[in-house]
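# Coordinates in review
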Amino acid sequence: MSADKKNSEIEDKNMDQAEAITNKDATDDVESEEEKPLFNSGILASLFDKATKVGVKAKRDQSALNTEEIEKKARSNMSNPEGVTPPHQLRLAFLGGGSFGTAMSNLAARNGCDSTLWVRNKRTVKSLQRSRVNKKYLPGYTLDERLKYEHDLKAAVQDKDIIFVAVPSSAFRETLRNIRPYLTGQSIVSLTKGMEKDTFSLMSDIIEQELPEVNFGVMSGPNLAVEIMQNMPSASVIASDSEFLRHAVQSALHSVFFRIFASDDIKGVELGGALKNIYAIAMGMAASYNVGENTKAMLLTRALAEMSRFGVASGANPLTFLGLSGVGDLYATCSSELSRNYRIGNMLGKGMSLEAAIKKLGQTAEGVNTIQQVHEKAMKLGIYMPITHALHAVIYDDQAALGVALHLMESGFRSDVEFVMPHEYSNEALNAKITAGMPDK
Ligand SMILES: NC(=O)C1=CN([C@@H]2O[C@H](COP(=O)(O)OP(=O)(O)OC[C@H]3O[C@@H](n4cnc5c(N)ncnc54)[C@H](OP(=O)(O)O)[C@@H]3O)[C@@H](O)[C@H]2O)C=CC1
Ligand SMILES: O=C(CO)COP(=O)(O)O
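Only a predicted model underlies this, so the values are computations on that prediction, with no experimental measurement involved.

## Regarding the domain arrangement of the protein
Partitioning the protein into structural domains gives domain 1 (3-264) and domain 2 (274-410). Taken together, the contact pairs 25 residues of domain 1 with 23 residues of domain 2. The contact between domain 1 and domain 2 buries some 1800 Å² in all, and 63% of this surface belongs to carbon and sulfur atoms. Along the contact surface separating domain 1 from domain 2 lie one salt bridge. Note that Lys193 is salt-bridged to Asp329, the shortest N-O span being 2.8 Å.

In structure tokens form, the structure reads like this:
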């Protein structure tokens, strides 16, 4: 069966089941004017304005005027993900023609937004325009006919409301510098899940450094690009200090197949997406040894403990790691061979060298760099990250994976959830008893 046909069958089936959910969703998510008037003003400001910090603030007070009409538009937009073009289209650019930029720009085009995918390679743009298939990164999936393609960066970003950046972290700073001359008030949303090599900067740090005046957000969650193309129901999180930007992104990308939840913990959401790649590599490696479900569950939950511990040390809210961008993405990426990080770990576990595994993958696996960054940062700051350090020892210091894993199992006594019982207590009390030869009764 062709991927197209399979795709359309899945879509038909999903549409039936989703019809009821659509209406419910729209009602659930769009609260009444009295209950939440800012929702309406958020949509209004985002639809009519470029959401600059200044611009949005200036419009905030005027926006109560047309709330009824806007609520109708918001409802109709949300309940017709594949339907009519909304009268006030959001104009969106997606930078990076890999699997995720392509999947998200396609989602926005299907939602009736004016969506443009920018790809650095001119020949790829021609091929996309001709075939509507991203042959290198998402072969077999036909893209929405309303999606536009652009090779000229200026043409791609000028006059847009929001610019989504979906290039690898290694190209993020350069991409922001390249678009800087063309920015006239557009908001930026990072879709990238990684850390910059050597600087340990997250993408939000880079945005603040390179474009300090720009209104921005980060989006992250369990979003394997292929599953999104297959219309498998998924969800993500938009984190921003700007309520208007959060609502604009929700309105642009929400559909019966894709829900967007909101957060204002930018660091937490971003760290969830970056850190889980480390553990996806670890899980891929563990899977190559045919470990059982108990082992996988232990790895996953101890990974979550490391992530939230590191998050707290970086100024994030630990509860964010219980959300979609934390445990949600950790679960998806650690469970699926669709994850490139998982596949890298699996290849390493089967004895392939790192260079050979990266070459064979031929796509972005952010975790390879993130392990190094987080290992160094954790050592420097004294953050307890045993899985990360162990993985670093296997990948970069050539230590045997099994020996390192056994050593991990032998490490000291810890509390389960250290936000419930601080680990110092259990660890130190038990260690002291053992050292003193007094078994715990
Ligand atoms: N794929 C997924 O499921 C998800 C990915 N992400 C994140 O999105 C980011 C991008 O990943 P993804 O789309 O998967 O990556 P891919 O490996 O699929 O593609 C990378 C894309 O970035 C382009 N690119 C690389 N370097 C540059 C540069 N210097 N300037 C402009 N474009 C460049 C590549 O172009 P070319 O082909 O010409 O080399 C290619 O189009 C990553 O941080 C990833 O973690 C987030 C959620 C899900
Ligand atoms: O982030 C992702 C899913 O949420 C994609 O993971 P990989 O980069 O490992 O493919």
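## Looking at the pattern of salt bridges
For the coordinates displayed, the defined rule picks out 13 salt bridges. In this structure, Glu210 engages Arg180 in a salt bridge whose closest nitrogen and oxygen atoms are separated by 3.3 Å. Residue Glu210 is located in helix α9 (residues 203-210), and its partner Arg180 is located in the loop between α8 (172-179) and β5 (187-190); the two are separated by 30 residues in the primary sequence. Judged by its relative accessible area of 8%, Glu210 falls in the buried class. The class of Arg180 is partly exposed, set by a relative accessible area of 40%. Each of the salt bridges in this network shares a partner with another, and the network as a whole consists of Arg173, Arg177, Arg180, Glu196 and Glu210.

## Here we look at the site of ligand 1
Taken together, 23 residues lie around ligand 1, and Arg120, Tyr137, Arg340, Thr364 and Glu366 are the ones closest in. At 2.9 Å from an oxygen atom of ligand 1 is found a main-chain nitrogen or oxygen belonging to Ala225. Contact distances for ligand 1 include 2.7 Å between an oxygen atom and a side-chain N or O atom of Thr364. In isolation ligand 1 has 900 Å² of accessible area, and contact with the protein removes 88% of it. When atom positions are compared with the pocket grids, ligand 1 is found to occupy the largest pocket.

## Quick word on the UniProt feature "domain: Glycerol-3-phosphate dehydrogenase NAD-dependent C-terminal" (unreviewed entry) in the protein
In the numbering used here, UniProt assigns the "domain: Glycerol-3-phosphate dehydrogenase NAD-dependent C-terminal" (unreviewed entry) feature to residues 265-399. Taken end to end, residues 265-399 is 74% helix and 0% strand, and its first and last C-alpha atoms sit 37 Å apart.

## Focus: helix α12 (residues 266-288)
Across its 23 residues, α12 extends 34 Å between first and last C-alpha, which sits within 8% of the 33 Å expected from 1.5 Å per residue. Along its length, α12 shows its largest kink, about 25°, at Gly272. Across the 23 residues of α12, 22 count as buried, placing the element largely inside the fold. Downstream of α12 by one or two residues, Asn290 has phi in the positive range, about 55°.

## Let's talk about the pairing of strand β1 (residues 91-95)
A regular strand places its side chains so that they alternate between the two faces of the sheet. By the criterion of burial, β1 is predominantly enclosed, with four of the five residues buried. By the bridge criterion, five bridges tie β1 to strand β2 (residues 114-118) in an arrangement that is parallel. Looking at β2, one finds that Leu95 is bridged to Trp118. One crossover worth recording links β1 to the parallel β2 by way of helix α5 (residues 99-110), and it is right-handed. With four bridges connecting them, β1 and strand β4 (residues 162-165) associate as parallel partners. By the bridge assignment for β4, Ala93 is matched with Ile163.

## Details of the site of ligand 2
In the vicinity of ligand 2, the contacting residues are Lys193, Gly221, Pro222, Asn223, Leu224, Lys276, Asp329, Thr333, Leu338, Ser339, Arg340 and Asn341. A distance of 2.7 Å separates an oxygen atom of ligand 2 from a polar side-chain atom of Lys193. For ligand 2, an oxygen atom lies 2.6 Å from a polar atom in the side chain of Lys276. Relative to its unbound accessible surface of 300 Å², ligand 2 loses 92% to contact with the protein. Counting atoms within 2 Å of the grid points, the majority share of ligand 2 lands in the largest pocket. Among the secondary structure elements, those contributing two or more residues to the shell around ligand 2 are α14 (324-335) and α15 (340-349). Here the residues of the shell around ligand 2 are counted per class, giving three nonpolar, five polar and four charged.

## Comments concerning the layout of surface pockets
For the largest pocket, the calculated volume is near 1200 Å³. Going through the elements one at a time, α5, α8, α10 (225-229), α12, α14 and α15 are the ones with two or more residues in the lining of the largest pocket. By residue class, the composition of the lining of the largest pocket is 14 nonpolar, 19 polar and nine charged. Two domains each put at least three residues into the lining of the largest pocket: domain 1 (3-264) and domain 2 (274-410). For the second largest pocket, the calculated volume is near 800 Å³.

## A short note on a positive patch on the surface
Together, Lys122, Lys126, Arg130 and Lys135 make up a region of like positive charge exposed at the surface. Mapped onto the fold, Lys126 is located in helix α6 (residues 122-131).

Conventions we followed
- Residues numbered from 1 in each chain as written.
- Chains lettered and ligands numbered in written order.
- Predicted model: local features only at pLDDT ≥ 70, side-chain atom pairs only at ≥ 80, totals over all residues.
- Heavy atoms only, no water.
- Domains from an automatic or database assignment.
- Contact = heavy atoms within 4.5 Å.
- Buried area = accessible area lost by both parts, 1.4 Å probe.
- Salt bridge = Lys/Arg side-chain N within 4 Å of Asp/Glu carboxyl O.
- Helix = DSSP H or I, 4+ residues; strand = E, 2+ residues; numbered from the N terminus.
- Buried < 20%, exposed > 50% of the residue type's maximum accessible area, 1.4 Å probe, protein only.
- Near = heavy atom within 4 Å.
- Polar contact = N/O pair within 3.5 Å; in protein donor to acceptor, adjacent residues only side chain to side chain.
- Areas by Shrake-Rupley, 256 points an atom, 1.4 Å probe, with all protein chains shown as cover.
- 1 Å grid on protein atoms, 1.4 Å probe; cavity = no way out; pocket = protein on both sides within 12 Å on 5 of 7 lines; lining within 4 Å.
- Sits in = over half its atoms within 2 Å of the grid points.
- UniProt positions renumbered as here; feature names shortened; annotations may be inferred.
- Expected span 1.5 Å × (residues − 1).
- Bend = angle between axes of the 7 residues up to and from the residue.
- Pairing = 2+ DSSP bridges.
- Right-handed = clockwise from strand over helix to strand, strands pointing away.
- Nonpolar A, V, L, I, M, F, W, Y, C, P; charged D, E, K, R; others polar.
- Points joined across faces, edges and corners; volume = space filled by probe spheres on them.
- Patch = residues over 30% accessible without salt bridge, like charges linked within 9 Å, V, L, I, M, F, W, Y side chains within 5 Å.
- Lys, Arg positive; Asp, Glu negative; His and termini not counted.
- Charge placed at Lys NZ, Arg CZ, Asp CG, Glu CD.

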